[in-house]
Amino acid sequence: MDTQKNTKSWRDKLHEIIYEADTPAGKLFDVVLLIAILASILFVMLESVKSFDDKYHTFLDIAEWVITILFSIEYIARIISVRKPMRYILSFYGIIDLLSTIPKYISLFLGGTQALIALRALRLLRVFRILKLARYLGASNQLANAIKASRAKIAVFLFAVLIASIIFGTIMYMVEGEENGFTNIPKSVYWCIVTLTTVGFGDIAPQTPIGQFIATIIMILGYGIIAVPTGIVSAEYTKAASDGNNKLSDEEHENLKSVVLNTQCCVNCLAETHRDDAEYCFKCGCKLGHD
């Protein structure tokens, strides 16, 4: 009985350190974790610089392995410190943690895959929790919902742009011809897309007056095209924000502003952003804290 109690206490303490940032140990863990993530990303970038890699390859390789092993231990600790490991493993952060750990191991069999360690940059999203910015994540959720609500309109818009690019690309192929670099229709369509998006690499350029006139029209259209998807998403975002505000009374708005959230993470369902005065998880009802 005592052994089970000690084991539970050990898991609870580990969970508090790893998943929460309200305690000194939790804050220290998260700060060290962020430093390690930044260091690993820096090492990958430096490794891609040939002159630097030739001189410090051994150091960079050892440093990446040390950080990878530490992240592996952390990943295992996150699994054993929760009551339902599969919820963490299949969660967004669980998948990111795994993807940011395995590239170095894969590099033992497939060369060059260690560059995927840059995926660890996604782990920096935890800074929202560490700095207690989770309350502002509602804005990001509104943006995601706005993009989701706009997907049909944006899809139609992109389809129209693709058709226009094919038409204009074909016309430019007929007007300019191979002697001016428009050797085939796919390459002409590529030029049209590059011009329409106002990127303008300059690797192909029309030489005839008619071709230059058409290019001018495409470039002018490009500025209008950039504004269309932005307007669609902005309209949906404004609508979502307005609908959300209309559902709350003035008193609820004031209460929402006064709510203080902490970084407590439910050991059962991994839900976060609980109120400071909360004793139970708002999602599954599990008691917060430790026995």
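Here the structure is a predicted model, which means the values were calculated and not measured.

(A) Looking closely at the overall build of the protein. Helix and strand counts for the protein come out as 11 helices and zero strands. N-terminal to C-terminal, the α/β element order of the protein is α-α-α-α-α-α-α-α-α-α-α. The proportion of buried residues among the 291 residues of the protein is 34%. Excluding contacts between residues fewer than 6 apart, the proportion of contacts in the protein whose partners are at least 24 apart in sequence is 56%. Looking at the protein as shown, the accessible area adds up to about 17700 Å², and 68% of this sits on carbon and sulfur atoms.

(B) Structural detail: the packing of helix α2 (residues 24-47) against helix α3 (residues 50-80). Contact geometry of α2 with α3 gives a least axis separation of 9 Å together with a crossing angle of 145 degrees. The crossing of α2 and α3 is left-handed. Contact residues: α2 offers Phe29, Leu33, Ala36, Ile37, Ala39, Ser40, Phe43, Val44, Leu46 and Glu47, while α3 offers Phe52, Asp53, His57, Phe59, Leu60, Ala63, Glu64, Ile67, Phe71, Glu74 and Arg78. Tallied by class, the residues present in the contact of α2 with α3 amount to 14 nonpolar, two polar and five charged.

(C) Structural view of helix α5 (residues 92-99). Turning to α5, its buried residues are Gly94, Ile96 and Asp97. Seen along its axis, α5 keeps its buried residues to an arc of 165 degrees; they face one direction. On the buried face of α5, the contacting elements are α3 and α4 (85-89).

(D) Region of interest: helix α9 (residues 185-196). Compared with the 16 Å implied by 1.5 Å per residue over 12 residues, the 16 Å span of α9 between its first and last C-alpha is a close match. When α9 is considered as a whole, its buried residues turn out to be Ser188, Val189, Trp191, Cys192, Val194, Thr195 and Leu196. The N-cap residue of α9 is Asn184: its side-chain oxygen and the backbone nitrogen of Lys187 are 2.8 Å apart. Taken from the residues just after α9, Thr198 is the one with a positive phi, measuring 60 degrees.

(E) Seen up close, the side chain of Ser100. Mapped onto the elements of the fold, Ser100 is located in the loop between α5 and α6 (103-106). Residue Ser100 is classed as buried on the basis of its relative accessible area, which comes to 0%. Engagement of the side chain of Ser100 in a polar contact is seen with the backbone oxygen of Asp97, the distance being 3.0 Å. Apart from the residues within four sequence positions on either side, Ser100 is in contact with Leu119, Arg120 and Arg123.

(F) A look at the packing of aromatic side chains. The full count for this structure, using the stated rule, is six aromatic pairs. Measuring from centroid to centroid gives 5.9 Å for Phe43 and Phe59, while their planes differ by 85 degrees, and the two rings are edge-to-face. In this pair, Phe43 is assigned in helix α2 and Phe59 in helix α3, connecting sequence segments 16 residues apart. Ring centres of Trp65 and Tyr105 lie 5.6 Å apart, and the angle between their planes is 65 degrees; on these two criteria the pair is classed as edge-to-face. Placement of the pair is Trp65 in helix α3 and Tyr105 in helix α6, with a sequence separation of 40 residues.

(G) Molecular detail of the pattern of salt bridges. Per the counting criterion, the structure on display carries five salt bridges. Residue Asp54 is joined to Lys50 by a salt bridge in which the shortest nitrogen-to-oxygen separation is 3.2 Å. You can see Asp54 and its partner Lys50 sitting in helix α3, four residues apart, about one turn around the helix. Accessibility expressed as a relative area gives 63% for Lys50, which makes it exposed.

(H) Geometry of the nonpolar core. Counting 11 residues, the largest nonpolar core is built from Phe157, Val161, Met172, Phe182, Trp191, Cys192, Leu196, Ile204, Ile214, Ala215 and Ile218. Going through the elements one at a time, α8 (137-176), α9 and α10 (209-246) are the ones with two or more residues in this core. Leu196 has contacts with Val161, Ser165, Ile218, Leu221, Gly222 and Ile225, leaving out every residue within four places of it along the chain. Grouped together as the second largest cluster of nonpolar side chains are 10 residues, Leu33, Ile41, Leu60 and Ala63 included.

(I) Spatial organisation of a nonpolar patch on the surface. A contiguous nonpolar patch, built from Ile62, Val66, Ile69, Leu70, Ile73, Tyr105, Ile106, Leu108, Phe109 and Leu110 and spanning about 1000 Å² of accessible area, is present on the exposed surface. Those elements giving two or more residues to the nonpolar patch turn out to be α3 and α6. Sorting elements by how many residues they give to the nonpolar patch places α3 first, with five residues.

(J) A look at the confidence of the model for the protein. On average, residues of the protein score 78 in pLDDT, and 75% of them reach the 70 mark or higher. Averaged pLDDT values over the elements of the protein bottom out at 51 in helix α11 (residues 250-258) and peak at 91 in α9. Scored below 50 in pLDDT, residues 1-7 shows zero contacts in the model against residues more than four places distant or in partner chains.

(K) A look at the environment of Trp65. The class for Trp65 is partly exposed, based on a relative accessible area of 21%. For the pair Trp65 and Ser40, spaced 25 residues apart in sequence, the C-alpha separation works out to 9.6 Å. Discounting residues that sit within four places of it in the chain, Trp65 has contacts with Lys104, Tyr105 and Leu108.

Calculation rules
- Residues numbered from 1 in each chain as written.
- Predicted model: local features only at pLDDT ≥ 70, side-chain atom pairs only at ≥ 80, totals over all residues.
- Heavy atoms only, no water.
- Helix = DSSP H or I, 4+ residues; strand = E, 2+ residues; numbered from the N terminus.
- Buried < 20%, exposed > 50% of the residue type's maximum accessible area, 1.4 Å probe, protein only.
- Contact = heavy atoms within 4.5 Å.
- Areas by Shrake-Rupley, 256 points an atom, 1.4 Å probe, with all protein chains shown as cover.
- Axes fitted to C-alpha atoms, helices over the stretch in contact; angles between N-to-C directions.
- Left-handed = near helix turned anticlockwise from the far one by under 90°.
- Nonpolar A, V, L, I, M, F, W, Y, C, P; charged D, E, K, R; others polar.
- Arc of directions from axis to C-beta.
- Expected span 1.5 Å × (residues − 1).
- Polar contact = N/O pair within 3.5 Å; in protein donor to acceptor, adjacent residues only side chain to side chain.
- Phe/Tyr/Trp six-rings, centres within 6.5 Å; stacked < 30°, edge-to-face > 60°.
- Salt bridge = Lys/Arg side-chain N within 4 Å of Asp/Glu carboxyl O.
- Core = buried A, V, L, I, M, F, W, Y, C linked by side-chain atoms within 4.5 Å.
- Patch = residues over 30% accessible without salt bridge, like charges linked within 9 Å, V, L, I, M, F, W, Y side chains within 5 Å.
- pLDDT = per-residue confidence, 0-100.

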